[in-house]
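So the chains spell out like this:
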Amino acid sequence: MSKLEIRDLHVSVNTDEGAKPILHGVDLTINSGETHAIMGPNGSGKSTLAYSLAGHPKYEITGGTVLLDGDDVLEMSVDERARAGLFLAMQYPVEVPGVSVSNFLRTAKTAVDGEAPKLRTWMKDLKGAMAELKMDEAFINRNVNEGFSGGEKKRHEIVQMELLKPKFAILDETDSGLDVDALRVVSEGINHAKETTDSGVLLITHYTRILRYVKPDFVHVFVDGRIAEEGGPELAEKLEAEGYESYVGAKAA
């Protein structure tokens, strides 16, 4: 059983005008096998939380702690965080010209595990993960995300999750830009990866539609860089019916 503990996290982002505070004291604990949904309006700091946990240099931690099984995540480099068991599926996956999907994934797996997977076993696992996400095997030899549709990029992110088997997966608006069919496939991939690895999942989203397929254990409403309310799946249903206006209005008041 692993545990990711975020305590009183304060984060600023570096801009041309100087440091701008974004997170104002976030407290959150995620255990193995749990799915936590972070929901909130645009500009509330959801993606800042994701990138801060992953170690993006644009974001400066100004206070608080993040522990993974008692180890200080904030003292780790980006690659050390990945080896410790953190995984980030990006909202806007980048293209990597000249690097094939096969080489990229095998190199990542080797870096995370500390040893290269056996080639025969690896190809079986890779093809299995691609099939799970309904991606044609031809993608194995294509350059990473180059010429991929939005849905194909998101499927490839979950293929990575399936193969790297992180302790905790941070999924930053993985549902954005997906049609209904692609959303169902990606959601099934998330559920399969979670079931086979017992990963904890931090699912960041604006909308409740992905939560019809990926059932959250806990829902957290994010407003103005902090958690405004917490609850179970019923809180997502409330947000579906009422939106975020009451939270944003309370902040303005």
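That block above? That's the structure.
In this numbering scheme, every chain counts its residues from 1 along its sequence in written order. Note on the predicted model: pLDDT of at least 70 is required for a residue's local features to be given, and 80 or more for side-chain atom pairs to be given and counted; whole-chain, interface and lining totals, by contrast, use all residues. Side-chain metrics in this entry use all non-hydrogen atoms of the structure; hydrogen atoms and water are not considered.

### Examining the packing of aromatic side chains
Ring pairs shown here join Phe, Tyr and Trp side chains whose ring centres sit within 6.5 Å, with only the six-membered ring taken for Trp; geometry is labelled stacked below 30 degrees between planes, edge-to-face above 60, and tilted in between. With the rule as written, the count across this model stands at two aromatic pairs. Each ring, one from Phe139 and one from Phe148, has its centre 4.9 Å from the other, and the planes form 85°; the classification is edge-to-face. Note on classification: 1.4 Å probe, protein chains only; a residue is buried when its accessible area is under 20% of the maximum for its type, exposed when over 50%, partly exposed between these limits. Judged by relative accessible area, which is 8%, Phe139 ranks as buried. The class for Phe148 is buried, based on a relative accessible area of 7%.

### Comments concerning the sheet that holds strand E5 (residues 71-72)
Any two strands with at least two DSSP bridges between them are considered paired. Helical segments are the DSSP runs of H or I of at least four residues, strand segments are the runs of E of at least two, and each set is numbered from the N terminus. Read across the sheet, four strands follow the order E2-E1-E4-E5 without closing on themselves; strand pairing throughout is antiparallel. The open sheet terminates on both sides in strands that have one partner only, identified here as strand E2 (18-31) and E5. Pairing between strand E4 (residues 59-68) and E5: two bridges, direction antiparallel. By the bridge assignment for E5, Leu68 is matched with Asp71.

### A short note on the pairing of strand E6 (residues 86-89)
Here E6 shows two buried faces, one formed by Leu86 and Leu88 and the other by Phe87 and Ala89. The pairing of E6 with strand E9 (residues 168-172) spans four bridges and is classified as parallel. Looking across to E9, one finds that Leu86 is bridged to Phe168.

### Comments concerning the environment of Asp172
Along the chain, the position of Asp172 falls in strand E9. Contacts are assigned to residue pairs with any non-hydrogen atoms lying within 4.5 Å of each other. Not counting residues up to four positions away in its chain, the partners in contact with Asp172 are Ser47, Ala50, Tyr51, Leu88, Ala89, Met90, Gln91 and Ile204.

### Quick look at the side chain of Ser100
Within the element layout of this structure, Ser100 appears in strand E7 (residues 96-100). Whenever a nitrogen or oxygen atom comes within 3.5 Å of another N or O atom, the pair is scored as a polar contact, on the condition that within protein one atom can donate a hydrogen and the other can accept it, and that pairs from neighbouring residues in sequence are kept only if both atoms are in side chains. There is a polar contact of 3.1 Å between the side chain of Ser100 and the backbone nitrogen of Asn103.

### Quick look at the nonpolar core
Residues belong to a common nonpolar core when they are buried Ala, Val, Leu, Ile, Met, Phe, Trp, Tyr or Cys residues joined through side-chain atoms within 4.5 Å. Core analysis: the largest hydrophobic core is formed by 43 residues, its most contacted members being Met39, Val159 and Leu171. Residue contributions to this core peak at six residues, all from helix H6 (residues 180-197). Residues contacting Leu171, with those up to four places away along its chain left out, are Phe87, Ala89, Ile158, Met161, Ile190, Val201, Leu202, Leu203 and Ile204. One finds Leu23, Leu53, Val66 and Ile170 within the second-largest nonpolar core, a separate group that totals 28 residues.

### Describing the pattern of salt bridges
Pairing of side chains with opposite charge becomes possible as their charged atoms draw close. Whenever Lys or Arg places a side-chain nitrogen within 4 Å of a carboxyl oxygen from Asp or Glu, that contact is recorded as a salt bridge. Evaluation of the coordinates by the stated rule reveals eight salt bridges. Taking the shortest distance from any N to any O, the salt bridge between Asp79 and Arg83 comes out at 3.1 Å. Taken together, the residues span about one helical turn, with Asp79 and Arg83 both in helix H2 (residues 78-84) at a distance of four residues. Residue class for Arg83 comes out partly exposed when judged on its relative accessible area of 43%. Of the charged contacts, one joins Lys238 and Glu229 as a salt bridge, the two residues approaching to 3.6 Å between their closest N and O atoms. Among the residues examined, Glu229 registers a relative accessible area of 28% and is labelled partly exposed.

### As for the layout of surface pockets
A cavity here means a set of points on a 1 Å grid, drawn over the protein atoms and nothing else, where a 1.4 Å probe fits but cannot get out; a pocket is an open set with protein on both sides within 12 Å along at least five of seven lines, and a residue lines either one if it has an atom within 4 Å of a point. Grid points are joined across faces, edges and corners, and a volume is the space filled by probe spheres set on the points. In this model, the largest pocket occupies a volume close to 740 Å³. Along the wall of the largest pocket there are 30 residues; nearest its centre are Val78, Ala82, Leu86, Phe87 and Leu88. Listing elements by their share of the lining of the largest pocket, those giving two or more residues are helix H1 (46-54), H2, E6, helix H3 (101-113) and helix H5 (150-164). Top contributing element to the lining of the largest pocket by residue count: H2, with five residues. For this scheme, ten residues count as nonpolar: Ala, Val, Leu, Ile, Met, Phe, Trp, Tyr, Cys and Pro. Four count as charged, namely Asp, Glu, Lys and Arg, and the remainder, Gly too, count as polar. Classifying every residue of the lining of the largest pocket by side-chain character gives 20 nonpolar, six polar and four charged. Its volume calculated, the second largest pocket comes out at about 210 Å³. Along the walls of the second largest pocket sit 14 residues, with Gly43, Gly45, Lys46, Ser47 and Thr48 positioned nearest its centre.

### A closer look at the sheet that holds E9
Strand order in the open sheet formed by six strands is E6-E9-E10-E3-E11-E12, with mixed pairing between adjacent strands. At either margin of the open sheet sits one strand with a lone partner, and together these are E6 and strand E12 (226-231). Strand-to-strand twist across the sheet, computed as the mean angle between neighbouring axes with direction ignored, equals 20°. Bridging between strand E3 (residues 35-39) and strand E11 (residues 218-223) involves four bridges; their strand directions are parallel. Paired with Ala37 across the two strands is Val219, which belongs to E11. A fitted line through C-alpha atoms serves as each axis, taken over the contacting stretch for helices, and the angle formed by two N-to-C directions is quoted from 0 to 180°.

### Thoughts on the pairing of E4
Two elements, strand E1 (residues 3-15) and E4, share eight bridges in a ladder whose sense is antiparallel. In the strand pairing of E4, Arg7 is matched with Thr65. Between E4 and E5, which pair antiparallel one after the other, the connecting turn spans two residues, and Asp69 there sits at a positive phi close to 55°.

In short, the description is geometric, and any link to function would need to be established separately.
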